[in-house]
Amino acid sequence: MASRPIMKAPICLVENQNEQLRLNPEALNILNQISQPVVVVAIVGLYRTGKSYLMNCLAGQKPGFCLGSMVRAQTKGIWMLCVPHPLKPDHTLVLLDTQCLGDVEKGDPKNDSWIFALAVLLSSTFVYNSMCTINHQAMEQLHYVTELTELIRMKSSRHEEEDDSTEFVSFFPDFVWTVRDFIFKLKLDGRSITKDEYLENALKLIPEKNSTIKNANLSRECIRRFFPKWKCFVFDRPTSDKHLLHHIEKVPEEQLEATFQKQVKTFCSYIFVHTKTKTLNPGITARGNSLAVLVESYVNAIESGAVLCLENTVTTLARRENLVAVQKAADHYNALMAQRLRLPTDTLQEFLDVHAACEKEAIAVFLEYSFKDENQEFHRQLMITMEKEKENFVKQNEEASDKYCHAELKKLSETLMRSISRGIFSGPGGYSLYLEAKENLEQAYSQVPRKGVKANEVLQKFLKSQVAVEESILQSDNAFTEEEKAITVEQAKVEAAEKENELLKQKEKEQQQNREADEKSFKEHIAQLEAKMMKEREMFLKEQEIILQHELKMQKQLLEEGFKKKSEKYERAIKRRRQEMEENSGVVECVDAAANEVLQKFLKSQVAVEESILQSDNAFTEEEKAITVEQAKVEAAEKENELLKQKEKEQQQNMEADQKSFKEHITQLEAKWRKDREKFLKEKERILQHELKMQKQLLEEGFKEKSEEYERGMKQRREEMEKNSGVVECVDAAVTVLSTPFKLLASGLDMITSPFRK
């Protein structure tokens, strides 16, 4: 995917044809190719106010957006131009020029409101362009901002009567008002003011003497309430030559007024430096492909007649982006494993170490590109995908090891195989020669580097395949008596069993390594998820703090301007936001328990105040006051009791969880010990029977001293078997002893809390 397509000229993004809004697939395709973060600047304004000229200055290229009399039908809707950001590397500047507001030739005026809303929702800086001055008329012409509450809602679960427009500030862009052909002096009450102070003063509410002022006040209030930052720029007339004004896009800079050129450069510099990367609540960076999803969701909602719900749009975007994030992370894991794995790995641990490192990096990729992964649905999907890919690499590693070991063993055994086929080991002493050759083969095989995880298994299979040949050579060797041959066969079987046992131990060790690797991987995942959750929580609280400060500022301004009722609306919103921030500030801790405890402490601290207020209230008789005080004490005692019960319940839950976990661990250990004991006893029993047979044969052959050595060995082996036969009894005793503290703790807790329950 290209990081940014090259655009030589603007293209229509949202078409406004036949009173309907339509998406341009070609423009969407361009956005989908942009994988970089985007900085989006949108401009709206009345007909022939020079807004397209400003956008061309930001684009810094020609041909740009159409100007003046050239616009008409071609500029209906929203036009887009994507260029490299001049100051932010690896960012794309997306410029959106909108159709002229209030143009009677366009048809349905409702589409003006939708175009205005789309420009607000898609941008990170929203520029409103007007002429001459900011007055009541200018405010009335900006009535589109007052209609946003009818077109947009933040949450899908909002009740019809509930107003969530106070949340707009968390999603809306910065607001820039550009005033063209400004001829007034920036002065207020005889003192010079800045352009921003000029806008601040223009946005102040004034007493609502008539409907005109009331409508203008509504626009003022909406701008102050919805947009987090406001900025103002004023521009002189570009030139006094009317002929040049009609073709200003072709006029060389040196023919324009120097003051105007300076003002334009100041405006462009501010936009380049201060316009933030487009983000989605809370603080999720938007890329070109994200912007394509947003505009598509918004236009589809408009065409279906629905209200634009920002929560639903972000959720839809999150699902698409999270699917992409899963694929990116899985691809990254595969690429890293293919790059870093040297097959076959020398040991299983080497493979697990490479896997763990690649998995960690892949999860980091997923966490970078994913957001709003509620219930960790997509994270689990990634883990399942990576587990499957891991199994594929495990299989490849085993196959590579198996193939390599067979090839090496085949080369090393060529001499042995030729000797067998030529009958070199068939005569007297041949068996000893064969054993020597086999031992040399095993030593040479052990020296082969990086045989991998199948090394022992391949060797054991080879040795098993030679058992019949080995016995044949032994039987044909006249240097051995029949009795010695029988003993040798049995010894060979014992050695084979020991090697088989070693192979089983190796597999058990590998299983343990896998378990430890899984446990380490799980802890790593938890740490990464916790880090992301903490980061998102910090971003959320930071954003809520910004909104809170904005609301406090609005409340203060309304009080200063004499609008007490409107300020009370902010008071309720501020209270609700503080509560939300307090709730979210305890994500890591047990919020409910802590909140309850804090609440009870607060209520205790207010007892004296409450009694004082009661005593000063003449509506109560002294008897009623006494009864009320007693009732308050009873309620306080009940709440205290509830808190104790809650703590008791939490302790009980923790104790039960610990006891359950302990019992599960003991059960698992007991099962493993039983299995190991059975294997051990079975193996020892087989060896004991073999030794009894050897002792009997030695006694029959007259070798009493040698048979006594077997007797001592068998006695020692019987003692070991008797010791191991008591493993289960020891485990049961351990369970009883270790579980006693839990029982004592439970009974003690019951004794302490029983009076409160009564």
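In this text, all values refer to a predicted model and were calculated from it rather than measured experimentally. (Residues numbered from 1 in each chain as written. Predicted model: local features only at pLDDT ≥ 70, side-chain atom pairs only at ≥ 80, totals over all residues. Heavy atoms only, no water.)

(A) Fine view of the packing of helix 15 (residues 430–446) against helix 16 (residues 455–465). One way to put it is that helix 15 packs onto helix 16 with a least axis distance of 12 Å and a crossing angle of 165 degrees. Considering the angle they form, helix 15 stands roughly antiparallel to helix 16. The handedness of the crossing between helix 15 and helix 16 comes out as right-handed. Every residue of helix 16 that contacts helix 15 at Lys-438, Leu-441, Glu-442 and Tyr-445 is listed here: Ala-455, Val-458, Leu-459, Phe-462 and Leu-463. For the contact of helix 15 with helix 16, a count of residues per class yields 7 nonpolar, no polar and 2 charged. (Axes fitted to C-alpha atoms, helices over the stretch in contact; angles between N-to-C directions. Helix = DSSP H or I, 4+ residues; strand = E, 2+ residues; numbered from the N terminus. Parallel < 35°, antiparallel > 145°, perpendicular 65-115°, else oblique. Left-handed = near helix turned anticlockwise from the far one by under 90°. Contact = heavy atoms within 4.5 Å. Nonpolar A, V, L, I, M, F, W, Y, C, P; charged D, E, K, R; others polar.)

(B) Representation of the environment of Gln-475 in the model. Relative to the helices and strands, Gln-475 resides in helix 17 (residues 467–475). Taking the relative accessible area as the measure of exposure, Gln-475 reaches 42% and is therefore partly exposed. Not counting chain neighbours up to four residues away, the residues in contact with Gln-475 comprise Glu-482, Lys-485 and Val-489. (Buried < 20%, exposed > 50% of the residue type's maximum accessible area, 1.4 Å probe, protein only.)

(C) Quick peek at the sheet that holds strand 4 (residues 78–84). Spatially, the 8 strands line up as an open sheet ordered 2-1-4-5-3-6-8-11, and their pairing is mixed. One side of each edge strand has no neighbouring strand; the edge strands of this open sheet are strand 2 (20–23) and strand 11 (230–234). Direction aside, neighbouring strands of the sheet carry axes that sit 20 degrees apart on average. Alignment of strand 6 (residues 125–131) against strand 8 (residues 174–180), held across 7 bridges, turns out to be parallel. Across the sheet, residue Ser-130 finds its bridge partner in strand 8, namely Val-179. Each of strand 3 (38–45), strand 5 (92–98), strand 6, strand 8 and strand 11 touches helix 9 (residues 258–274); the most contacted strand, strand 11, lies at about 160 degrees to it. (Pairing = 2+ DSSP bridges.)

(D) Broad picture of the packing of helix 12 (residues 348–369) against helix 13 (residues 377–412). Taken N-terminus to C-terminus, the directions of helix 12 and helix 13 make an angle of 150 degrees; their axes are 11 Å apart at the nearest point. Between helix 12 and helix 13, the crossing angle belongs to the class labelled roughly antiparallel. In the crossing of helix 12 with helix 13, the sense of the turn from one axis to the other is right-handed. Between helix 12, through Phe-351, Leu-352, His-355, Glu-359, Ala-362, Ile-363 and Phe-366, and helix 13, the contact on the second element is made entirely by Phe-378, His-379, Leu-382, Met-383, Met-386, Lys-390, Phe-393, Val-394 and Asn-397. Residue composition of the contact of helix 12 with helix 13, grouped by class: 11 nonpolar, 3 polar and 2 charged.

(E) A look at the side chain of Asp-97. Along the chain, the position of Asp-97 falls in strand 5. Residue classification places Asp-97 among the buried positions, given a relative accessible area of 5%. Within the structure, the side chain of Asp-97 is placed 2.5 Å from the side chain of Ser-52, a separation counted as a polar contact. In contact with Asp-97, not counting residues within four places along its chain, are Ile-43, Lys-51, Ser-52, Met-55, Phe-65, Gly-77, Ile-78 and Trp-79. (Polar contact = N/O pair within 3.5 Å; in protein donor to acceptor, adjacent residues only side chain to side chain.)

(F) Layout of the pattern of salt bridges. Counted under the stated rule, the structure contains 12 salt bridges. Here Glu-361 makes a salt bridge to Arg-340, at a shortest N to O gap of 2.8 Å. Here Arg-340 lies in helix 11 (residues 310–340) and Glu-361 lies in helix 12, a separation of 21 residues in the sequence. Its relative accessible area of 31% is what places Glu-361 among the partly exposed residues. Arg-340 gets classed as partly exposed once you look at its relative accessible area, which sits at 36%. (Salt bridge = Lys/Arg side-chain N within 4 Å of Asp/Glu carboxyl O.)

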